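Fold and geometry: a report
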Amino acid sequence: MSIMQQRSLGNAGPAVSAVGLGCMGFSQGYGTVDDDESVAAIRVALDSGITLFDTAMSYGRGHNERLLARALRDAPENVRVATKFGIVRTEDGVGLDGRPEHVRRYCEESLARLERDVIDVYYLHRVDPEVPVAETIGAMAELVSAGKVRHLGISEATPEQLVQAAAVHPIAAVQFEWSMLWREPERDVVPAARELGIALVPYSPLGRGLLTATLDANTVAASDFRRNDPRFQGENLADNLAQVTALREFAAGLDISAGQLALAWLLARGSDVVPIPGTRRAVRIRENAAAAAVELSAAQLAELERIVPSDGWAGDRRSFAAHGTGRTSA
């Protein structure tokens, strides 16, 4: 088993591998899946030194947590599992539920599916607009006291919500989309989290695969998460592919892949950054894990910013990014 550099999730959070594994794609969003292949891929992640595995109760409506339980049986003690609640998928669609009276049940259901006694990091997947975030976090804090959860996290929160959450209980990590393709969080969420001592856990750190420089029109069309994203449409996609070409050429000069360069760039943003790229392919998992060993100099980072400028990317993810805004009766 490979050994990867470790980073801490927050001021008092667990030590985890610098690169984690986002597991959503094993259950939804990116085409047909095969459970046996998924289990094999997760075990490749273990062999590659990855110790942080991120899932959610909504991914495949529980399928993802059950799959992870199967793959992580007999895993090393240093493996950390993070899961999320708050997005509820039913036959009627997708809703948000952060009501305090439901939090314990959601946690216990996740624990059962994960076949674990305790969740290492338990995230509020999305803030329920009808419930003050402090009330939801308060119910989550009770899970820590009960020994069912070790650390708390929150996903896609505003700076104000981070402050409100942290005032109730220490928050180990905040998840949000962040990559070379999407720099918006650097303006507000990143500095707010750092002021509070909250670790940064970027999901989609490879720009939903665009930054790997391996996508084509068929790959885009096969994924709901891509074809409905303005960044993958028309002129926006053409502009972004031009940026990717420059990224790939720069990476080739360093003898690494475009995806590894994109991850190394993100890791270089600070020691509190722990990206969780998702992929179903074992070869990509190994490649992503190896990015943790890539160190970019200040000169290389400056040159990369010149060649692949932040204002060269096109399309706004916010027009489609919400995962449901309605209430659920669950």
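Residues numbered from 1 in each chain as written. Predicted model: local features only at pLDDT ≥ 70, side-chain atom pairs only at ≥ 80, totals over all residues. Heavy atoms only, no water.

The name recorded for the protein in an unreviewed UniProt entry is Aryl-alcohol dehydrogenase-like predicted oxidoreductase, from Nocardia pseudobrasiliensis.

1. Remarks on the overall build of the protein
Heads up, the condition is: Numbered from the N terminus, helices here are DSSP runs of H or I no shorter than four residues, and strands are runs of E no shorter than two. The globule rule is 2.2 Å times the number of residues to the power 0.38, and the radius of gyration it is compared with is taken over C-alpha atoms. Type-normalised accessible area, obtained with a 1.4 Å probe on protein chains alone, sets the label of each residue: buried when under 20%, exposed when over 50%, and partly exposed for intermediate values.
The helix and strand tally for the protein stands at 12 helices and 11 strands. Relative to a compact globule of 330 residues, whose C-alpha radius of gyration would be 20 Å, the protein shows 19 Å and is just as compact. Based on the C-alpha atoms only, the size of the protein along its principal axes is roughly 55 × 40 × 40 Å. Buried positions account for 56% of the 330 residues belonging to the protein.

2. Here we look at the sheet that holds strand S9 (residues 149–155)
Put simply, the rule reads: DSSP calls a pair of strands paired once it identifies at least 2 bridges connecting them. Contacts are assigned to residue pairs that have any heavy atoms within 4.5 Å of one another. What counts as an axis is a line fitted to C-alpha atoms, over the stretch in contact for a helix, and the angles between N-to-C directions run from 0 to 180 degrees.
If you trace the seven strands from one edge of the open sheet to the other, you get S3-S4-S5-S8-S9-S10-S11, paired in parallel fashion. Both edges of this open sheet fall to strand S3 (21–22) and strand S11 (199–203), since each of them pairs with a single strand only. When S9 meets strand S10 (residues 171–177), the two strands line up parallel, connected through four bridges. Its bridge partner lying in S10, serine 155 is registered against glutamine 175. Where helix H4 (residues 133–145) meets the sheet, its contacts fall on strand S5 (80–85), strand S8 (119–124), S9 and S10, and the angle it forms with S9 comes to roughly 160°.

3. So, the packing of helix H1 (residues 35–47) against helix H11 (residues 282–290)
Test applied: Oblique is the label for every angle not falling under 35 degrees (roughly parallel), over 145 degrees (roughly antiparallel), or within 65 to 115 degrees (roughly perpendicular). By definition, any crossing whose near helix is turned counterclockwise from its far helix by less than a right angle is left-handed, and any crossing with a clockwise turn is right-handed.
Their axes nearest at 9 Å, the elements H1 and H11 cross at an angle of 20°. For the element pair H1 / H11, the angle class is roughly parallel. Helix-helix and strand crossings are classified by hand; for H1 and H11 the assignment is right-handed. The segment H1 lies against H11, with Ala41, Val44 and Ala45 engaging Ala282, Ile285 and Arg286.

4. Digging into the nonpolar core
Quick note on the threshold: As used here, the term nonpolar core means buried Ala, Val, Leu, Ile, Met, Phe, Trp, Tyr and Cys residues forming a set that is joined through side-chain atoms within 4.5 Å.
Judged by nonpolar contacts, the single largest core of 85 residues is most densely connected at Leu21, Ile42, Phe53, Tyr122, Ile154, Leu162 and Met180. Among the elements that make up this core, the one with the highest residue count is helix H10 (residues 258–267) (eight residues).

5. Let's talk about helix H9 (residues 234–253)
What counts here: A helix is expected to reach a length of 1.5 Å times the quantity of its residues less one.
Under the 1.5 Å per step criterion, the end-to-end length of H9 is 30 Å for 20 residues, consistent within 8% with the ideal 28 Å. Taken together, the buried positions of H9 are occupied by Leu237, Asn240, Gln243, Val244, Ala246, Leu247, Phe250 and Ala251. Downstream of H9 by a residue or two, aspartate 255 has a phi angle that is positive, lying close to 65°.

6. What about the pairing of S8?
Convention followed: The path from the first strand over the helix to the second decides the hand: if it runs clockwise while the strands point away from the viewer, the crossover is right-handed.
Burial analysis of S8 places six of its six residues in the buried class, the great majority of the element. Bridging between S8 and S9 involves five bridges; their strand directions are parallel. By the bridge assignment, tyrosine 122 is partnered in S9 with leucine 152. The handedness of the S8 to S9 crossover, carried by H4, is right-handed.

7. Points about the confidence of the model for the protein
Here is the rule we go by: In predicted models, pLDDT denotes the confidence assigned by the predictor to each residue on a 0 to 100 scale.
Averaged over all residues, the pLDDT of the protein equals 91, while 91% of them reach at least 70. For the stretch residues 322–330, pLDDT sits under 50, and the model shows 30 contacts to residues farther than four places along the chain or on other chains.

8. Describing the side chain of serine 27
How we decide: Polar contacts, as counted here, are pairs of nitrogen or oxygen atoms within 3.5 Å of one another; within protein the pair requires one atom able to donate a hydrogen and one able to accept it, and residues that are adjacent in sequence qualify only if both atoms are side-chain atoms.
If you trace the backbone, serine 27 turns up in the loop between S3 and H1. By relative accessible area, serine 27 is classed as buried at 17%. At a separation of 2.8 Å, a polar atom in the side chain of serine 27 contacts the side chain of asparagine 64. If near-sequence neighbours (up to four positions away) are discounted, serine 27 is found in contact with Val33, Tyr59, Gly60, His63 and Asn64.

9. Re the packing of aromatic side chains
Note the cut-off: Put simply, two rings from Phe, Tyr or Trp (the six-membered ring, in Trp's case) pair if the centres are within 6.5 Å, and we call them stacked under 30 degrees between planes, edge-to-face over 60, tilted for the rest.
The tally for this structure, following the rule as stated, stands at three aromatic pairs. Centre to centre, the rings of phenylalanine 85 and tyrosine 106 are 6.2 Å apart; their planes meet at 35°, and the pair counts as tilted. Residue phenylalanine 85 is found in strand S5, and its partner tyrosine 106 is found in helix H3 (residues 100–114); the two are separated by 21 residues along the sequence. Of the two residues, phenylalanine 85 and tyrosine 106, neither departs from the other in class, the shared state being buried. With 5.0 Å between their ring centres and 25° between their planes, phenylalanine 85 and tyrosine 122 make a pair best called stacked. Placement of phenylalanine 85 in strand S5 and of tyrosine 122 in strand S8 is noted, with a sequence separation of 37 residues between them.

10. Comments concerning unusual backbone geometry
Among all residues except glycine, the phi angle is most often negative; among peptide bonds, the trans geometry is most common. Here arginine 61, not a glycine, exhibits a phi torsion of approximately 55°, which is positive. Relative to the helices and strands, arginine 61 resides in the loop between strand S4 (52–54) and helix H2 (63–71). Judged by relative accessible area, which is 46%, arginine 61 ranks as partly exposed. Here aspartate 74, not a glycine, exhibits a phi torsion of approximately 70°, which is positive. Considering the arrangement of structural elements, one finds aspartate 74 in the loop between H2 and S5.

11. Observations regarding helix H6 (residues 189–196)
What counts is decided by this rule: Taken from the helix axis, the directions to the C-beta atoms give the arc we talk about.
Every buried residue belonging to H6 is among Val189, Val190, Ala192 and Ala193, and all of these are buried. Buried residues along H6 cover an arc of 165° about the axis, so they all sit on one side. Considering only its buried residues, H6 is in contact with helix H5 (159–168), S10 and S11. Glycine 197 lies just past H6 and shows a positive phi near 75°.

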